Every structure is written in structure tokens, then in C-alpha cells.
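Coordinate inspection notes
Here is how the chains run, residue by residue.
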Amino acid sequence: MKIMVVGGGGREHALIQKIAENPKVSQIYALPGNGGIAAQAECVPIGAKDIDGICRFAAEKGIDFAVVAQDDPLVLGAVDALNAIGVPCFGPDKKAAAIEGSKVFAKELMRKYHIPTAAYQVCGSIEEARDYLDQAAYPLVIKADGLALGKGVFICQDRQEADQAVTVIMEDKKFGASGDRIVVEEYLTGPEVSVLAFTDGHVLEPMVSSMDHKRIGDGDMGPNTGGMGTVAPNPYYTPEIARRCREEIFLPTMEAMNREGRPFKGCLYFGLMITAGGPKVIEYNCRFGDPEAQVVLPLLQSDLLEIMLAVSEERLAETEVRFSDQAACCVIAASQGYPGSYTGGLPIETGHMDGAILYHAGTKLQDGRLVTAGGRVLGVTAVAPTLNQARDKAYEEIQKIHFPGVYYRRDIGKRALAALEQN
Ligand code: AMP
Ligand code: GLY
């Protein structure tokens, strides 16, 4: 089979490594891929948002199956366009991808179907937003409606901070049309859990839970990033919480999408907060998380491609989805300056990973040499019987990575370990 994967980050590297394990696979193309993916797949310089280019390439190469892994092509309708030319895909169509593409849509869905989430108000203009913020209780959370590279969420302690957020999103239009509307949300507290789930619209199979570390600095300080590291499983996701999530959130969400005429097929990502009042949805994503995929996929024991084909053909019920009961830890090595501005093109030495997996994210090959090409550059994942061992191994191996200004958090998994000790 000829497989095409759309995207080029650490998540796509993890997906490709797993897909390549299937003996039916003869060739994998990555659009655009990265410097590490190039070892397993042919990287093709077509951007993930270039839907026409992606379709032309798929037709030309006779692609048998496409995996659209990144949010923007999904929200732009890449799956619809590929299906229209007869290429089956893993990933939701445009109507279903709205669950991530519009936070207003996601919140209205949850309100209509009584799915637990933070209370909220939608504001469609700056005046409306300022009037609402005058009488709101603080702290609160302001979110741009559309995609914003994970940077469209502002936690506001007071009216002044809320005003600044409205200015950035709605007046300066930092995220373009994504900021035409905002969602103002109640501020929730509690540990966060990411749960990715395979669903074909009929059944839903949650994967092993994970914990992201979104802030740039140790102790969860500083600005938000795409994610600086992950661990799996997440100790806050107890069997009782898992049961409640399934009954109160996962299945109702799948059903709600069906009732709205937007059946979701692909990987549905639940960003959850375990509050004193039970689990609540913080966000939905219409794809695998990055770097959640880098800890979840190494623990998957079943064949990923077979699951993806089953999702696309709506026969997930008869397909095995099994995970190892080991633990995984992924630490991201980032460019100096990220999530602000940073320089690319710096030479990278990765050394030889011994008992860990190296996932490439922002890397590229330049004249045969590996150089940095993004904020999050590499991820090191270790799998071991305990989280403690996985964490130690990931930190041991990441020391072999060198490029000028390399930065990584030192406390990935620390909070999870502390929670395990309390249990
Ligand atoms: P999101 O991109 O929607 O996941 O938001 C990014 C981060 O902001 C989340 O991981 C949370 O840590 C935080 N956040 C989002 N919504 C809320 C909320 N309603 N209450 C508290 N924190 C939130
Ligand atoms: N790690 C969070 C995300 O993929 O959205």
C-alpha cells in the first residue's frame, strides 16, 4: 500500500514509525515531513495547507490511503477533497473537524447535549465583549474562536488583562479571522488529562491517557507552547474518572456529532480537567495531540494502520485496540527563544539513542546535514515498566542532543510522579 501522511512534526514522525510496522506498506510519503521522517518516508515539499497540491500529488502517485494528521488541513476540508477523488482517509471531514476549528461550535454542542464544560459566553464584537467583561467575575478565560497554533487562549486575572486579550484577538487580529468571535469562559481548576480516542462514529476506543506540559518553564511557568513534554498513562485518570468520562463525555460527544449530521471519524482528542465537580472538557481537537502521540503510540500494541483502515471503513467494533501497561515519557528539546522568536538553520547532533526513541519535529536536512527548522526541534521518548524509569531514561538520552541554545524542561513527569506517590 502507498500511504500519504499530511503534516511534518513529531506527531507525524511517531505516526509514520508506527504505520511502517505494517507489512502491507510499500511506500510512505510525508507532506512535507521533516529531517528525521526522511529516513522512513519520502518527504515531498507540499505544505499541509495546500489542499489542491495534496490532492494532485495523491492522484499522481496513486495513494491508497491518506492520514491527515494536522489541524489546519482537516479544518480546511482536506479529507473531503481527497475522498472526492477517491482517496480513503483517516481523519474527520470538514463538518466534523469544526469540533476543533470553532470553539463557539464546540461550546454550543456541549451546551445543547449537556456535556460537562466550563460555563461560557460568546461575544461577536469588541463592544459586546467589553460590556460583558465589565460585569464578569474574575479570573476568567478568553479564547479566540478559530485555530491559533495553541496560542489563542488567555487566562485573565482581572478586567485589565481581559481588555488586553480582547485587543490582541479582536482589534489587532493576531489570529486573523479566528478572532472574529471569542468565547469567554469560567476559570476551572484541577489536574489536566489528555485522552485521544479512535472513533468511527459507531464505537469509540479511548487510548491510554496522557499528561501534556504546555508551559515553557519548569513548574508550569511562562507562556503556553504547543507542548514541552508528555507522560502516559496519566495518574489522575483513575478507573472511576475513566468510567465517568466515557459515560458523561466521550459517548455523548460521539452521539452529539451524529445527531448534528457531523459523524466524526478519526482521532478525537479530549482535553479534560478533573475539577472538584467531576471531569469537564477544556477543549476538543480533531486529531492526535503533539506531543501526546509521542507517548501514546509507542504504547500501542495493535497495528495502527489496521485500526486506521477500520475507522475509515466504519468497522472499528471488530478491530483490536490494545495498549501495553508500561509507562512512557517524552521530553521536547526546543529552540532558544521558543515560543517567541528563534533562529533556525543551526546544526544538530543527535548522538545514538540507546533505549529511547528520537522523534524529529522542527528539523530539516540542508546539504545532507541536519539543522533546526522550528520551535520544537526534537522529542525523546522512553518506555519502561514504571514512569520513574521512563523519565530517567528520557532525561539520560536527551543529553546526547546538541545544538546551539537547546532548551528543555527538567520537570516533565514530576507532577505525575508526585500524584503516583500519593495514590
Ligand atoms: P486550550 O488551548 O483550550 O487547551 O487551552 C490551553 C490551556 O489553557 C489549557 O491546557 C488549560 O491549562 C488552560 N485553560 C483553558 N481553558 C481553561 C479554563 N476554562 N479554565 C482554566 N484553564 C483553562
Ligand atoms: N499538545 C496539545 C495539542 O496537540 O493540541
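Coordinates for the structure precede this section.
Nothing here was measured: the structure is a model prediction, and the numbers come from that model. (Residues numbered from 1 in each chain as written. Chains lettered and ligands numbered in written order. Predicted model: local features only at pLDDT ≥ 70, side-chain atom pairs only at ≥ 80, totals over all residues. Heavy atoms only, no water.)

Side chains that differ in charge, positive against negative, can pair when their charged atoms come close. Under the definition given, this model contains 26 salt bridges. A salt bridge links Arg322 to Glu320, with the nearest nitrogen and oxygen atoms 3.2 Å apart. The partner of Glu397 in a salt bridge is Lys393, and the shortest N-O contact between them spans 3.3 Å. Here the residue Glu397 and the residue Lys393 both occupy positions in helix 12 (residues 387-398), the gap between them amounting to four residues, near one helical turn. A network of salt bridges, in which partner residues are shared, links Arg130, Asp134, Arg159, Asp163 and Glu171. (Salt bridge = Lys/Arg side-chain N within 4 Å of Asp/Glu carboxyl O. Helix = DSSP H or I, 4+ residues; strand = E, 2+ residues; numbered from the N terminus.)

Turning our attention to the site of ligand 1. Inspection of the region around ligand 1 gives 15 residues, with Glu185, Glu186, Leu188, Glu192 and Glu283 positioned closest. Between ligand 1 and the protein, one listed contact pairs an oxygen atom with a side-chain N or O atom of Glu192 at 2.4 Å. Take Lys214: an N or O atom from its side chain is 3.1 Å from an oxygen atom of ligand 1. Relative to its unbound accessible surface of 480 Å², ligand 1 loses 92% to contact with the protein. Breaking the shell around ligand 1 down by element, the ones donating at least two residues are strand 7 (140-144), strand 8 (153-156), strand 9 (182-186) and strand 17 (278-285). In terms of residue class, the shell around ligand 1 is made up of eight nonpolar, no polar and seven charged. (Near = heavy atom within 4 Å. Polar contact = N/O pair within 3.5 Å; in protein donor to acceptor, adjacent residues only side chain to side chain. Areas by Shrake-Rupley, 256 points an atom, 1.4 Å probe, with all protein chains shown as cover. Nonpolar A, V, L, I, M, F, W, Y, C, P; charged D, E, K, R; others polar.)

Further remarks concern the packing of aromatic side chains. Summed over all chains, the structure comprises eight aromatic pairs. Pairing Phe198 with Phe288 gives two aromatic rings, centres 6.1 Å apart and planes at 75°, and the pair type is edge-to-face. Of this pair, Phe198 sits in strand 10 (residues 192-199) while Phe288 sits in the loop between strand 17 and helix 10 (293-296), and the two are 90 residues apart along the sequence. Grouped by ring-pair contacts, the aromatic residues Phe90, Phe198 and Phe288 constitute a single cluster. (Phe/Tyr/Trp six-rings, centres within 6.5 Å; stacked < 30°, edge-to-face > 60°.)

Counting residues in hydrophobic clusters, the biggest one holds 52 residues, and the most contacted among them are Met4, Leu82, Ile99, Phe250, Phe270 and Tyr284. Among the elements that take part in this core, helix 9 (residues 239-259) stands out by supplying seven residues, more than any other. In contact with Ile99, not counting residues within four places along its chain, are Phe105, Ala106, Leu109, Thr253, Met257, Phe264, Leu268, Tyr284 and Cys286. Counting residues in each nonpolar core, the second largest holds 42 residues, with Leu15, Ala293, Leu297 and Ala328 among its members. (Core = buried A, V, L, I, M, F, W, Y, C linked by side-chain atoms within 4.5 Å. Buried < 20%, exposed > 50% of the residue type's maximum accessible area, 1.4 Å probe, protein only. Contact = heavy atoms within 4.5 Å.)

Before going further, it helps to examine the packing of helix 5 (residues 94-101) against helix 6 (residues 103-112). Relative to each other, helix 5 and helix 6 sit at 95°, their axes nearing to 6 Å. As judged from the angle between their axes, helix 5 and helix 6 are roughly perpendicular. Within the contact between the two elements, helix 5 uses Ala98, Ile99 and Gly101 and helix 6 uses Lys103, Phe105, Ala106 and Leu109. Residue classes in the contact of helix 5 with helix 6 are distributed as five nonpolar, one polar and one charged. (Axes fitted to C-alpha atoms, helices over the stretch in contact; angles between N-to-C directions. Parallel < 35°, antiparallel > 145°, perpendicular 65-115°, else oblique.)

What follows concerns the side chain of Asp145. Topologically, Asp145 is positioned in the loop between strand 7 and strand 8. The exposure class assigned to Asp145 is buried, which follows from its relative accessible area of 10%. Ignoring sequence-local partners within four residues, the contact set of Asp145 consists of Gly101, Ser102, Lys103, Val104, Ser178, Arg181 and Ile182.

Moving on to the site of ligand 2. All residues adjacent to ligand 2 are Asp212, Gly226, Tyr269, Asn285, Arg287, Gly289, Asp290, Pro291 and Glu292. Gly226 is positioned with one of its backbone polar atoms (N or O) 3.3 Å from a nitrogen atom of ligand 2. Arg287 has a polar side-chain atom sitting 2.9 Å from an oxygen atom of ligand 2. Protein burial of ligand 2: of its 200 Å² of free accessible surface, 90% is covered by the chains.

Moving on, we come to helix 5. The buried count for helix 5 comes to six of eight residues, which makes it a mostly enclosed element. Every buried residue of helix 5 is listed here: Ala96, Ala97, Ala98, Ile99, Glu100 and Gly101. Buried residues in helix 5 make contact with helix 3 (71-76), helix 6, helix 9, strand 16 (266-275) and strand 17.

The side-chain alternation of strand 15 (residues 229-232) yields two buried faces, one formed by Gly229 and Val231 and the other by Thr230 and Ala232. Pairing between strand 12 (residues 211-212) and strand 15: two bridges, direction antiparallel. Opposite Met211, over in strand 15, you have Val231 as the bridge partner. One ladder, built from four bridges, connects strand 15 with strand 18 (residues 327-334); its direction is antiparallel. Its bridge partner being in strand 18, Gly229 is matched across the sheet by Val331. (Pairing = 2+ DSSP bridges.)

Don't take any of this as a statement about function, it's just geometry.
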